[in-house]
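Breakdown of the fold
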4 protein chains.
Amino acid sequence: MRPKQNPDHWCSKLYIIIFEHDTPAGKRFDEFLIALILLSVVTVVIGSVKSLRLTYGSLFFTLEWAFTLIFTVEYLLRLLCHGRPLRYMVSFFGWIDILAILPTYLDLVIPGAHYLIAIRILRVLRVFRILKLIHYIGAADLLMKAMASSARKIAVFLLAVLALVVVLGSLMYVLEGEKNGFTSIPVGIYWAIVTMTTVGYGDISPATPAGRFLAAMVMLLGYGIIAVPTGIVTVEMGELRRKESSLTMCQRCGEKRHLSQARYCQTCGERITTD
Amino acid sequence: MRPKQNPDHWCSKLYIIIFEHDTPAGKRFDEFLIALILLSVVTVVIGSVKSLRLTYGSLFFTLEWAFTLIFTVEYLLRLLCHGRPLRYMVSFFGWIDILAILPTYLDLVIPGAHYLIAIRILRVLRVFRILKLIHYIGAADLLMKAMASSARKIAVFLLAVLALVVVLGSLMYVLEGEKNGFTSIPVGIYWAIVTMTTVGYGDISPATPAGRFLAAMVMLLGYGIIAVPTGIVTVEMGELRRKESSLTMCQRCGEKRHLSQARYCQTCGERITTD
Amino acid sequence: MRPKQNPDHWCSKLYIIIFEHDTPAGKRFDEFLIALILLSVVTVVIGSVKSLRLTYGSLFFTLEWAFTLIFTVEYLLRLLCHGRPLRYMVSFFGWIDILAILPTYLDLVIPGAHYLIAIRILRVLRVFRILKLIHYIGAADLLMKAMASSARKIAVFLLAVLALVVVLGSLMYVLEGEKNGFTSIPVGIYWAIVTMTTVGYGDISPATPAGRFLAAMVMLLGYGIIAVPTGIVTVEMGELRRKESSLTMCQRCGEKRHLSQARYCQTCGERITTD
Amino acid sequence: MRPKQNPDHWCSKLYIIIFEHDTPAGKRFDEFLIALILLSVVTVVIGSVKSLRLTYGSLFFTLEWAFTLIFTVEYLLRLLCHGRPLRYMVSFFGWIDILAILPTYLDLVIPGAHYLIAIRILRVLRVFRILKLIHYIGAADLLMKAMASSARKIAVFLLAVLALVVVLGSLMYVLEGEKNGFTSIPVGIYWAIVTMTTVGYGDISPATPAGRFLAAMVMLLGYGIIAVPTGIVTVEMGELRRKESSLTMCQRCGEKRHLSQARYCQTCGERITTD
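Here is what the cut-offs are and how they apply
Residues numbered from 1 in each chain as written. Chains lettered and ligands numbered in written order. Predicted model: local features only at pLDDT ≥ 70, side-chain atom pairs only at ≥ 80, totals over all residues. Heavy atoms only, no water. Helix = DSSP H or I, 4+ residues; strand = E, 2+ residues; numbered from the N terminus. Phe/Tyr/Trp six-rings, centres within 6.5 Å; stacked < 30°, edge-to-face > 60°. Axes fitted to C-alpha atoms, helices over the stretch in contact; angles between N-to-C directions. Parallel < 35°, antiparallel > 145°, perpendicular 65-115°, else oblique. Left-handed = near helix turned anticlockwise from the far one by under 90°. Contact = heavy atoms within 4.5 Å. Nonpolar A, V, L, I, M, F, W, Y, C, P; charged D, E, K, R; others polar. Buried < 20%, exposed > 50% of the residue type's maximum accessible area, 1.4 Å probe, protein only. Salt bridge = Lys/Arg side-chain N within 4 Å of Asp/Glu carboxyl O. Expected span 1.5 Å × (residues − 1). pLDDT = per-residue confidence, 0-100.

Another aspect to go through is the environment of A:L158. Relative to the helices and strands, A:L158 is located in helix α9 (residues 151-176). For A:L158 and A:Y190, which are 32 residues apart along the polypeptide, the C-alpha to C-alpha distance reads 15 Å.

Another aspect to go through is the packing of aromatic side chains. One pass over the structure, following the stated rule, counts eight aromatic pairs over all chains. With centroids separated by 5.6 Å and ring planes inclined at 70°, the aromatic side chains of D:F182 and D:W191 adopt a geometry described as edge-to-face.

Interaxial distance between helix α11 (residues 209-225) of chain A and helix α10 (residues 185-196) of chain B falls to 9 Å at its minimum, and their mutual angle equals 30°. Overall, the two elements α11(A) and α10(B) adopt an arrangement that is roughly parallel. Read as a crossing pair, α11(A) and α10(B) show a hand that is left-handed. Within the contact between the two elements, α11(A) uses A:R212, A:A215, A:A216, A:M219, A:L220 and A:Y223 and α10(B) uses B:V187, B:Y190, B:I193, B:V194 and B:M196. A breakdown of the residues in the contact of α11(A) with α10(B) according to their chemical character gives ten nonpolar, no polar and one charged.

Along the chain, B:T195 turns up in helix α10. If we ignore the near neighbours within four places in the chain, the residues touching B:T195 are B:V218, B:M219, C:V199 and C:Y201.

The subject of this paragraph is unusual backbone geometry. Residue and element names in this part refer to chain C. Of note in this structure, T198 is not a glycine but carries a positive phi near 60°. The residue T198 is located in the loop between α10 (185-196) and α11 (209-225) in this model. The class of T198 is buried, set by a relative accessible area of 4%.

The next point concerns the pattern of salt bridges. Residues and elements named next belong to chain A. Taken as a whole, this structure holds eight salt bridges over all chains when the rule is applied. Between E74 and R78 there is a salt bridge whose closest N-O contact spans 2.6 Å. You can see E74 and its partner R78 sitting in helix α3 (residues 50-81), four residues apart, about one turn around the helix. Relative accessible area serves as the criterion here: at 10%, E74 is assigned to the buried category.

Across its 24 residues, helix α2 (residues 24-47) of chain B extends 34 Å between first and last C-alpha, which sits within 8% of the 34 Å expected from 1.5 Å per residue. Considered for burial, the residues of α2(B) that qualify are B:G26, B:D30, B:L33, B:I34, B:L36, B:I37, B:S40, B:V41, B:T43, B:V44, B:V45 and B:G47.

Our next topic: helix α11 (residues 209-225) of chain D. Given 3.6 residues per helical turn, the α-helix brings residues three or four places apart onto the same face. In this model α11(D) runs 24 Å from its N-terminal to its C-terminal C-alpha over 17 residues, within 8% of the 24 Å that 1.5 Å per residue would give. For α11(D), a buried count of twelve out of 17 residues is recorded, marking the element as mostly surrounded by other parts of the structure.

So, about the confidence of the model for chain A. All names here are of chain A. Put simply, chain A has an average pLDDT of 72, and 68% of its residues get 70 or more. Averaged pLDDT values over the elements of chain A bottom out at 42 in helix α7 (residues 113-123) and peak at 89 in helix α10 (residues 185-196). Every residue in residues 111-138 is under pLDDT 50, and counting partners more than four places away or in other chains gives 58 contacts. For residues 255-262, every residue scores under 50 in pLDDT, and the model assigns this stretch 30 contacts once sequence neighbours within four places are set aside. In the predicted complex, the global pTM is 0.78; the interface-specific ipTM is 0.74.

Set out below in structure tokens:
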């Protein structure tokens, strides 16, 4: 929300640059931010390669702190120029923004080798920043809508798959046993998911004839089942596409080829009413 | 079926709670039952992990018996308050309910290490209970209908795939032979299914040039074939969706935008007849 | 083709039983034949398992000869009672029928251990017999039509995939080299097909960073490409389905809800003409 | 572009043969060229097999030079008879044509074992020639259009997948660590792509319970996500197909069954206007 102040105040100007995307300055700021985010993600990713960390360790350390400080300043400015800073803090992107800078500071407050490894799990969340990119491309809209309107159906489907996977994992645990790698029912469930989704690592695979027969059945089942989410999303997308391109029909002559904002039928001149 | 008794009889009241879902008491009972089912499934799954079984073995044993006894009481109550208990017993969920409690008792009646392992295969069937969950979500309907109306086509498709898989499995047995892991035609068929469904464990994979060439052909074939079940389900779903949203057309003016229960055309006032 | 003889002749009666499917006798014959085909395929498949072959070798040998003799008699009867035997012989099922009995005889004519292994490749073709099954299920029609009308598009698609796969296989051969399993360009092409079709055995997989980067690109490409055959088949199926259920529209009142054999509009009585 | 000269000039005649496809001579030239391209690709592919290279090395060397010289002459002729040679050179196929002959010459100019290996990466680009084939099949059109009109949506989708894959790869690096093969975040990203696309080599696979749980979540996610590109392409194809077969509607009687070039309604004789 824009602060309720004199539009000439520096705060209002800053708000427009940081939060809005339709002025030249705001656009340039966004582009700069995206470049910075990508750079910082690349630094984290490359910094995890052992050979590079040993040689350029201090460079990566410096860069990470530099990026963290820049993003911290950006976060504080966002808080400062937002009309209601608390509403921003608890918003989706407010959370992502704070999660993207916290891990580096946590690393500082709590030293100790053993804890550091546990903290890293938060550090990698910094890459969520990249998700901001999605905002800037208009074509993402239809995708989002289609996903949202079929989310419930996909949830039901995933639930059914989960139930099936528990049954199949248990059966394989009994059929194959611990000597063939199925050391527990959770491992069997992991195997069933690996198989049903057609990933098929091969780290655990059936060795007994009975186990292989059941596995083959699971695969053929998965072959038919993989069609379901595809069908759901395709139908939803087709429906949205159709609604987009459906035109208003004249109620007297049946003429359909009007623009959606037409007020009179282009064929017979009848007033077009939208009920 | 509700018993034909005085609706104030405790049996009728129990029937409403246990079998029906639209009263507050019935709803609370269902929610409690689902929680119990999930808990018992989690107990079985976790109890299969060796390290946990060694430490908490007696706890898992007690819990399993507790859940079995609760479900046994539930089963007996269902029999008691159902108008025609035999019809319930031979129904789909009647079978699942009895299969979900039997394994624990069978474990008791027939001791002996060797037999126990064979009994376990029934024990895991208990997780079928979770399938009851499907009932409670409305969105499952469209999925079920689309699956049902395309079941025959998918069956034909699976039959054709099975025939293909037998031919390909035999060919690979001849081409690769026992030294490359294709020890028999059934193993070759298992390989063909693993490959056609794009699972691809890699526990058995061709090593000779001829075998690899045939395998590559099988994969490209599978690439084209995987489209078929997806196409079937998508078209069925689209059809069902269209039927749902198809509106009645006025026979005089061609106006289509009526609710399905409309009796007069909203444009020209003509009576709408449904033939 | 039915022989041009007296319909009471035994040949005509035999033709109806063997070739036609709509009389009780013809139907019973077909069902018996399918059972026999399935039995003989099962015999071949089970007979390839080493442990069973060592114990029941002579039984499998006897059964195979028995089935071959029965199918030979059936083939001769087909030739005998068909109006134009040569046309039957060169038809699709004529070829399958002869290929299904030849291997056993070839095994007899040309003895010698070394050749036997080569002959086996023909022997397994016997399982093609099972393909006859497809005939008997009506739902296969729509599948066949959709496949046929999109065959050309799928062919173009497969051609493009093949070209891509040759390029990618060559690139991986150069990037990874012989030490990582990519011993030649054909092996690289085999790897590319295994990867693009998302089978992913893992018998050959990239180990260098450059190779892994290219492999990741190939996978993401394959992710987008797998959509194409599915799209083709789905659209074709939807089109066929729509044609099936499209109804004739009255040219005067626009009424569409007629059966396809309707001759007068059910609403206004106008003659329906099909142009 | 055809040269602006006397049509009887040998240059114009050559242009028609080399660049155009609708004369008998032009068609024969194209067919010959395709055969030659396929032969040269096969030579390169087969020549990479070690055992064959050792025996027929000089033959492959000679053939490669022969093909290169033929294609060089073809390239020069194309330059010669094209009206504006520079425009041809910078066109898509101009680049492919020069890339398809350069590697062999580069191999000659710059000797030295170390450089040769780097040059080979260009050499394999010669197989791009095969891409010319696409031109000759009409059915490729619809495929190209559907791909083009959904390219932006697929790009957004791939971007979202890439962001997800970076997050998941980082998480797995932290969860599994270097001892289980996840030696760096790039390797983790490679694993995430291998898993999300359901390729699943199994060269790197999670071994800890937490890692396997996350991996299972990734697979189920990928199961739902794989539906998106399929949905996009299917809807686009269906849309294109519909536009192709959509007919002009008469504005007076609503009759729709006209050919697209119809000027009068076939039912009521009304003039059909296309606005």
